[in-house]
Every structure is written in structure tokens, then in C-alpha cells.
Amino acid sequence: MKTNSVHSMNKTSMRHQAEGILIERKTDTANRSASMSDNLSLIHELEVHQIELELQNEELIQARAEMEAALYRYSDLYDFAPVGYFSMTHNGMIKEANLTLTKMLGVERSRLLGSRFLGYLKQEYLLEFGNFLEKLDAGKGKRSCELALDRNGEPFWVQLEATCFEGGETSRAALTDINGYKHSEKNLHQRVTELELLYESGLVLNRLLDLQKIGARIADLLELRMDWHHILILLYEPSKDSFEVLEVRYADAIEVPIDADALKTLNMKVSLPGMGLSRAAFQSQQVIRSGQLEKEPQHIAKFRGMHSGLYVPILSGKNSVGVISIENRKPNAFSENDERLVYTLASQAGAVLENARLFQIAQTELKERARVEQLLADEKNQLAARVEERTVDLVKALRAKNEFLTSMSHELRTPLTDILGYSESLQENTYETLNEGQSKVIRSIEESGQHLLNLINDILDLSKVNAGSMEVRLAPCSLEEICNASLKLVKGMAEKRKQHVHVVFPVQPILIHADALRFKQALVNLLSNAIKFTPVSGDLGLNVEMGTGNESVIIMVWDKGIGISPENIVKLFKPFTQIDTSLAREYAGTGLGLSLVKHFVELHNGRIEVESDLGVGSRFSITLPLAH
């Protein structure tokens, strides 16, 4: 209705315009006679119609030009649209198509028109397209489906949307490229699957502490996700600088049976030092992926006919601990996704394998420790039994020795006492007057007898100390009196060697808890040694001073004699020990004196210390508590 109204308005306007033109043309005939008015009116009408036709013709020419321009513009939009537009018949024959569709199908328009759309699909999608055509025949509105075109054997994903025939002969269709989306969806799905796999593997692997079970679990996970001929999981053995097969898995166990001999041969191949792509991946800590193994100079063929290999280092921190080696007979069998999956799994396995290795080492060490502890316990029990037996024997032997020494001392002291008594009587001219030679011999007999008696007394005292039967009767004593008595006993020895004895004693009296007889015996022993080892006319002395805090007293016996070397000081207080055999020949003695001195001082709750410089002299210091 709107078109007819516009057409009427245009026609009225044209008539007015035509009438105006006609009036201008015939201004010169305005005065014609009335008789010709009818003819003129008819002519006027004809001329107006003629002019109307001329104007309509111009408008049609202009409209056609505009329509052709619009058609050209819309043809470009149709041909170069991002979607492939076409029309097809009930059997899928293409009748019309834009340039985009020809590019998507890779066919010129002249060859495309009249061909059937199913000829461009992957074989596995022909049935789905047939079902789609049936839905177009039976349905109404629009239908859509996803199909895969055949692009040189590879799928190219598209979405087909078409109008139902609804009794007509053709269907208008649009083909949209969704290949990128499908690949992204596929990669995303694969990545999600990988993450789920890695999560599950992490949960499982972290619970395992057995190396063989870990290796088997890794092979199980890879077996579900990849196409391969065999998988090797190798662990590095630092002590041998070689690999050992932790797990081996074949796609066809019948083709390559696994037995002890095969495993031994395989271990020999993978343990070659400095060779193979596994070694290269281990040393570089980089993944090596090759689709043409025959061209790899470092490749060592462990199996015949392998063309593809994927070698992934197993890292624990910054250290390589092993390699996952996967090979296939197909060229270029492994993708970047495979590489990423194995690398991530190897990264997980690194820490787990290292933990398992440390656990096994710890278990081995614990077992060894338990074995050693058991051996030590057995040895300790045996030793305790032997010690107990030996102790019983020693106690018996010590008791027998003490009894023997006591008996022998008594047997020796009785005649020795008689000898000393007779010697003293003879020196006093009890029986008759002795000449000078006889007196000298008697004095020698007395000195030797006295020395022998002292020796017997020392042996007897030592036996009492060892037997624990040595008793001291501690009582408050004057230290000055004990020191003076000791000096009096050795005075003759010092005078005989023309030695100078120096005594230093505090002014105030000093009381100690002591057994006067035993402590005097200790001081006499120290003074006798000082005299013995000091040269003729040499100096020695006895110094007494108060200790720190006036709670103790220090008695020092010193000399300027031969001195003692540091390595011999530790031997001083051992019984029957002399520090130098040459000294034993030059200075007579049994080595009992200092041992008894140490025991006597300890029985007085004191301690004895020694300082000495070889060739300069010695200082023996006794520290005793004061009596309160």
C-alpha cells in the first residue's frame, strides 16, 4: 500500500510538471479560436502523457543504477563473509555458494556447484550428515550440527547450520569455522586430564617408599596416556657412574619377554658410560625428543626399528637422579603434550624416588645398626661374663698375693730385725771393741738391712692399699711438728751429700686432720726422692703456705735436681715403675714410694700435683683441707 501511494504522488507531481511545461510551450497559441478547443484539449492530454513517460523513464534508469550498485555491494558482503554460505538440495547437492565456502572446502566455485557436500567430509561423519539431512526434510525452522572436513587426511572442524526444506526444493546453509575452538577445547581437555592424572599420581606416589613400586606406578600412568613400544625408567648409581633399570615395560610383552637374562643384557646396554640419549638428557638436565632416531649420532639402539624417542631427566632439586626413556617405531610419534606430561610426571617422581632411596638407605642403616647393636650386646654379655670370671680369679689371686706378702713380710722382718739388733749392739761395743774396718762393715750391714726393712714395709703397705685394708686414723695434728719430724729423719742423708735444705713455714700454727705416722711417711718419701735426685751440694726444700680462702694448706717439696720430662710425668705414680732404666741403675729404688704417697694423700682427702722441668728440677705439691 505504501508503494502504491508513493507511486500516485509521483504521478500527480509528474502531471503537474508536464502541464507546466506544456503551458510554457504554448503561450503563443493562447489566442486560438474556440472551435479548435476540443482538439487542442486532446492534444494537450497526449503531450502531458508523453512527458510523464519521459520522466518515468529517467527515474527507472536511475533506480536501476542504484539497484545494480546495491547488488554489487551485497554480492561482496555475501562472497567475502566470514561464514561459508550456500544452498543445497534434499540430497546435499550444492547449488549456490559464496567464495568463503570455496576457500573452506579448497575447491573452485565452478567445481563446487553441483557437487555433494558429503564428498568433503571425513569418512566417520558421513552418517551424521545423512541424519542431519533427514532432520531438515522432516523438521521446521533451523537445525545445526558439528562436522569434520577432510583436509589432507586431517580433521578440520566446522559447524553447519541450515534451514529446513519445509516443502521447498532448497535449504539455505551456513558453514562456520570452529577448528581453532575445537583444538583449544581438545588441548584444554587434555590438560585437565593431565592435571587430574598428575594429581592422582602425586597422591599415590607420595605414599610409596619402595623404589620398584614407584617405577611400576609411573609406567602404569604412562601406559594409559601414550602410544609407545617400550618404557625404561633408569636410576643413576653414583658409585658405578652408570644407570640401572628400575622398571621396564613393553607394549607387547609377547614380542619382548622379560626375564633375568633380558634384564641383565638391558642393564649392560644402559650402563655404558658417557653414551646414549638417556645419558645426554641426564647430564644436560634437558628433555630430548626426536622423531628420527636413526639420524641421532648419540643414539644407542636397545631395540630394533625404533624411530621416535622421548628422554626426560628425573630431577630432585638441582640434581639428576635418573631418566625416563620412551621409544616408538613410528616416526614423530611424540608431541609437545607428551613431552609436557612426561616432564611433569618426572618432576614429581624425582622427589619421591629420592625420598624412597633415602628411606631404603635409612632402613639398611637401621638394620645394620640393629645387627651391630646385637653383636655388641652379645659381645658385652660375653665380656661381662669373662670379666666376672676374671674378677673372681683376680680377687682370689690378690687375696693369695696379700696373704703371701703378709706371710713373707713376717718371715723376712723377723730375722731382719735380729740382724739390725745385732748390728746396733756391735756398733755400741756391747760384746767387744771393734776396729775401724769392722765398724765400717757393721754400718754397711745396718744400712742395707734398714733399706731392706723399708722396702718390705712399702710392699706390705701397698698390698694393704690394693686390698682396701689400709686404715688411717685422722685426728687434729700440728703440721709444723710433722714437717720437722720428717726433716729430722732425712737430715743425715742431706748432710752426707752436703746439700742445702731450705724450709719456709708460716708464722701462725696450722692444724690438719691427719694420721701423723702415715703423713710423715709420705713427706719422708718425697724428701728422700728430692735428696736422691739432687746433685751433691745442691739445693732442695720444703715450703708450706695457705691455700685460696684459707680453707686449705699447700705443702711443697722441691729440688733443683735432674727434673722429669713431660712424657714421663704420667708414669710417676704407678707402682713398680721407674721412668728410666738408666736412672734405676744410677739411683736405687723400687718405684713404690710415689705410688704410696699418692694413696696416703688421697686417704687424707687431699691431692698431689707435680711440676717439673728437665734438667732444672721438680716440685711436688700436696693440698690438704684445714682442721676446724
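Rules used in this analysis
- Residues numbered from 1 in each chain as written.
- Predicted model: local features only at pLDDT ≥ 70, side-chain atom pairs only at ≥ 80, totals over all residues.
- Heavy atoms only, no water.
- Pairing = 2+ DSSP bridges.
- Helix = DSSP H or I, 4+ residues; strand = E, 2+ residues; numbered from the N terminus.
- Axes fitted to C-alpha atoms, helices over the stretch in contact; angles between N-to-C directions.
- Contact = heavy atoms within 4.5 Å.
- Phe/Tyr/Trp six-rings, centres within 6.5 Å; stacked < 30°, edge-to-face > 60°.
- Buried < 20%, exposed > 50% of the residue type's maximum accessible area, 1.4 Å probe, protein only.
- Core = buried A, V, L, I, M, F, W, Y, C linked by side-chain atoms within 4.5 Å.
- Left-handed = near helix turned anticlockwise from the far one by under 90°.
- Nonpolar A, V, L, I, M, F, W, Y, C, P; charged D, E, K, R; others polar.
- Polar contact = N/O pair within 3.5 Å; in protein donor to acceptor, adjacent residues only side chain to side chain.
- Salt bridge = Lys/Arg side-chain N within 4 Å of Asp/Glu carboxyl O.
- Expected span 1.5 Å × (residues − 1).
- Arc of directions from axis to C-beta.
- Patch = residues over 30% accessible without salt bridge, like charges linked within 9 Å, V, L, I, M, F, W, Y side chains within 5 Å.
- Areas by Shrake-Rupley, 256 points an atom, 1.4 Å probe, with all protein chains shown as cover.
- Bend = angle between axes of the 7 residues up to and from the residue.
- Parallel < 35°, antiparallel > 145°, perpendicular 65-115°, else oblique.

Engineer: I would appreciate a short explanation of the sheet that holds strand β7 (residues 242-250) in the present structure.
Structural biologist: Sheet strands associate in pairs through backbone hydrogen bonding, adopting either a parallel or an antiparallel arrangement. The antiparallel open sheet is built from five strands, whose spatial order is β7-β6-β10-β9-β8. Two strands lie at the open edges of the sheet, namely β7 and β8 (288-290), each paired on one side alone. Strand-to-strand, the axes of this sheet are offset by a mean angle of 15 degrees, without reference to chain direction. In this sheet, β7 lies alongside strand β6 (residues 230-237) in antiparallel orientation, the contact comprising eight bridges. Across the sheet, residue Leu-234 finds its bridge partner in β7, namely Val-245. Relative to strand β10 (residues 319-328), helix α9 (residues 277-284) is tilted by about 145 degrees, and along the sheet it contacts β6, β7, β8, β9 (308-316) and β10.

Engineer: So what exactly am I meant to see when it comes to the packing of aromatic side chains here?
Structural biologist: Aromatic ring pairs are defined here through the distance separating the ring centres and the angle between the ring planes. Overall, the coordinates contain seven aromatic pairs when judged by the stated rule. Residues Tyr-125 and Trp-157 carry aromatic rings whose centres are separated by 5.5 Å and whose planes lie at 85 degrees to one another, so their mutual orientation is edge-to-face. Here Tyr-125 is found in the loop between α4 (109-112) and α5 (126-138), whereas its partner Trp-157 is found in strand β4 (residues 154-163), with 32 residues between them in sequence. Assigned by exposure class, Tyr-125 and Trp-157 land together as buried. Summarising the aromatic geometry, the rings of Tyr-236 and Phe-243 are spaced 6.0 Å apart at their centres and angled 70 degrees between planes, so their arrangement reads as edge-to-face. Overall, Phe-243 belongs to the buried group, its relative accessible area being 2%. An aromatic cluster of three or more residues is present, and its members are Phe-86, Phe-117 and Phe-129.

Engineer: Before we go on, may I ask you to explain the sheet that holds strand β5 (residues 171-177) in this structure?
Structural biologist: The antiparallel open sheet is built from five strands, whose spatial order is β2-β1-β5-β4-β3. Either end of the sheet is taken by a strand with one partner, and the two such strands are β2 (94-97) and β3 (142-151). Looking at each pair of strands side by side, their axes are set apart by 30 degrees on average, direction ignored. Where β3 and β4 come together, ten bridges link them in antiparallel fashion. If you follow Glu-146 over to β4, its bridge partner there is Gln-159.

Engineer: Looking at this structure, how should I read the pairing of strand β17 (residues 617-625)?
Structural biologist: Most of β17 is tucked away, with seven of its nine residues classed as buried. Two strands pair when backbone bridges link them, and strand β16 (residues 607-613) and β17 are joined in this way by seven bridges, in the antiparallel orientation. The partner of Glu-611 across the bridge, within β17, is Arg-619. The turn linking β16 back onto β17 is made up of three residues, and Gly-615 within it adopts a positive phi angle of 85 degrees.

Engineer: Sorry if this is basic, but what is going on with the nonpolar core here?
Structural biologist: Nonpolar side chains in soluble globular proteins tend to be buried together. Within the largest apolar cluster, 38 residues are counted, with the highest numbers of intra-cluster contacts made by Leu-479, Ile-512, Phe-519, Val-553, Ile-555, Phe-620 and Ile-622. The set of elements that each furnish at least two residues to this core consists of α12 (479-496), β13 (511-514), α13 (516-532), β14 (539-546), β15 (552-559), α16 (593-603), β16 and β17. Ranked by residue count, the leading element in this core is α13, at eight residues. Each residue touching Phe-519, except ones within four places of it in the same chain, is listed here: Leu-479, Ile-482, Ile-512, Ala-514, Ile-555, His-604, Ile-622 and Leu-624. Membership of the second largest hydrophobic core comes to 31 residues, among which are Leu-101, Tyr-125, Phe-132 and Leu-147.

Engineer: I would appreciate a short explanation of unusual backbone geometry in the present structure.
Structural biologist: Excluding glycine, a negative phi dihedral is what most residues carry, and trans is how most peptide bonds are arranged. In this model, Asp-241 sits at a positive phi of 50 degrees, which is unusual for a non-glycine residue. Relative to the elements of secondary structure, Asp-241 occurs in the loop between β6 and β7. One non-glycine residue, Lys-498, lies in positive phi territory at about 55 degrees. Within the element layout of this structure, Lys-498 appears in the loop between α12 and β12 (500-504).

Engineer: Where do I start with the packing of α13 against α16 in this structure?
Structural biologist: The packing of two helices is summarised by the inter-axis angle and the distance between the axes. Relative orientation of the contacting elements α13 and α16 amounts to 145 degrees, with a least axis distance of 9 Å. Once α13 is placed against α16, the crossing between them reads as left-handed. When α13 is examined against α16, the residues Arg-518, Gln-521, Ala-522, Asn-525, Leu-526 and Asn-529 are found in contact with a partner set consisting of Gly-593, Leu-594, Val-597 and Phe-600. For the contact of α13 with α16, the per-class residue count stands at five nonpolar, four polar and one charged.

Engineer: Would you mind going over the side chain of Ser-612 with me for this structure?
Structural biologist: Mapped onto the fold, Ser-612 is located in strand β16. Note on Ser-612: relative accessible area 14%, which makes it buried. For Ser-612, the side chain forms a polar contact with the main-chain nitrogen of Ile-564, separated by 2.7 Å. Polar side-chain contacts of Ser-612 include one of 3.2 Å to the backbone oxygen of Gly-617. The contact partners of Ser-612, leaving out residues within four places of it in the chain, are Gly-563, Ile-564, Ile-569, Gly-617, Ser-618 and Arg-619.

Engineer: Would you take a moment to explain the pattern of salt bridges for this structure?
Structural biologist: Enumeration over the complete set of coordinates arrives at 15 salt bridges. A salt bridge links Asp-220 to Arg-249, with the shortest nitrogen-to-oxygen separation between them at 2.8 Å. In this pair, Asp-220 sits in helix α7 (residues 211-225) while Arg-249 sits in strand β7, placing the two residues 29 residues apart along the sequence. Using a relative accessible area of 30% as the deciding quantity, one classes Asp-220 as partly exposed. In the salt-bridge network here, residues are joined through shared partners; they are Glu-146, Lys-182 and Glu-185.

Engineer: Help me understand α5 in this model?
Structural biologist: Counted at 1.5 Å a residue, the expected span for α5 with its 13 residues is 18 Å, and the 19 Å between its end C-alpha atoms agrees. Taken as a whole, α5 has its buried residues at Phe-129, Phe-132, Leu-133 and Leu-136. Buried residues of α5 fall within an arc of 100 degrees about the axis and therefore sit on the same side. Those residues of α5 that are exposed and angled more than 90 degrees off the buried face are Leu-127, Glu-134 and Ala-138.

Engineer: Help me out: how do you make sense of a nonpolar patch on the surface in this one?
Structural biologist: Residues Ile-419, Val-441 and Ile-445 make up a contiguous nonpolar surface patch of about 240 Å² in total accessible area. Mapped onto the elements of the fold, Ile-445 is located in helix α11 (residues 436-467).

Engineer: When you look at α12 in this model, what are you seeing that I'm missing?
Structural biologist: In a regular helix each residue adds 1.5 Å, so 18 residues correspond to 26 Å; α12 covers 26 Å between its end C-alpha atoms and thus fits that length. Its axis deflected by about 45 degrees at Val-490, α12 carries its strongest bend there. Regarding α12, the residues found buried are Leu-479, Ile-482, Cys-483, Ser-486, Leu-487, Val-490 and Ala-494. Residues of α12 that are buried in the fold lie against β11 (475-478), β12, β13, α13, β14 and β15.

Engineer: Where do I start with the packing of α12 against α13 in this structure?
Structural biologist: Between α12 and α13, the least distance of the axes is 9 Å, while the angle of their chain directions is 40 degrees. Put simply, α12 runs oblique to α13. α13 is crossed by α12, and the crossing has right-handed handedness. Taken together, the residues of α13 that come into contact with α12 (itself represented by Leu-479, Ile-482, Cys-483, Ala-485, Ser-486, Leu-487, Leu-489, Val-490, Met-493 and Ala-494) are Ala-516, Phe-519, Lys-520, Leu-523, Val-524, Leu-527, Ser-528 and Ile-531. When grouped by side-chain class, the residues that make up the contact of α12 with α13 number 15 nonpolar, two polar and one charged.

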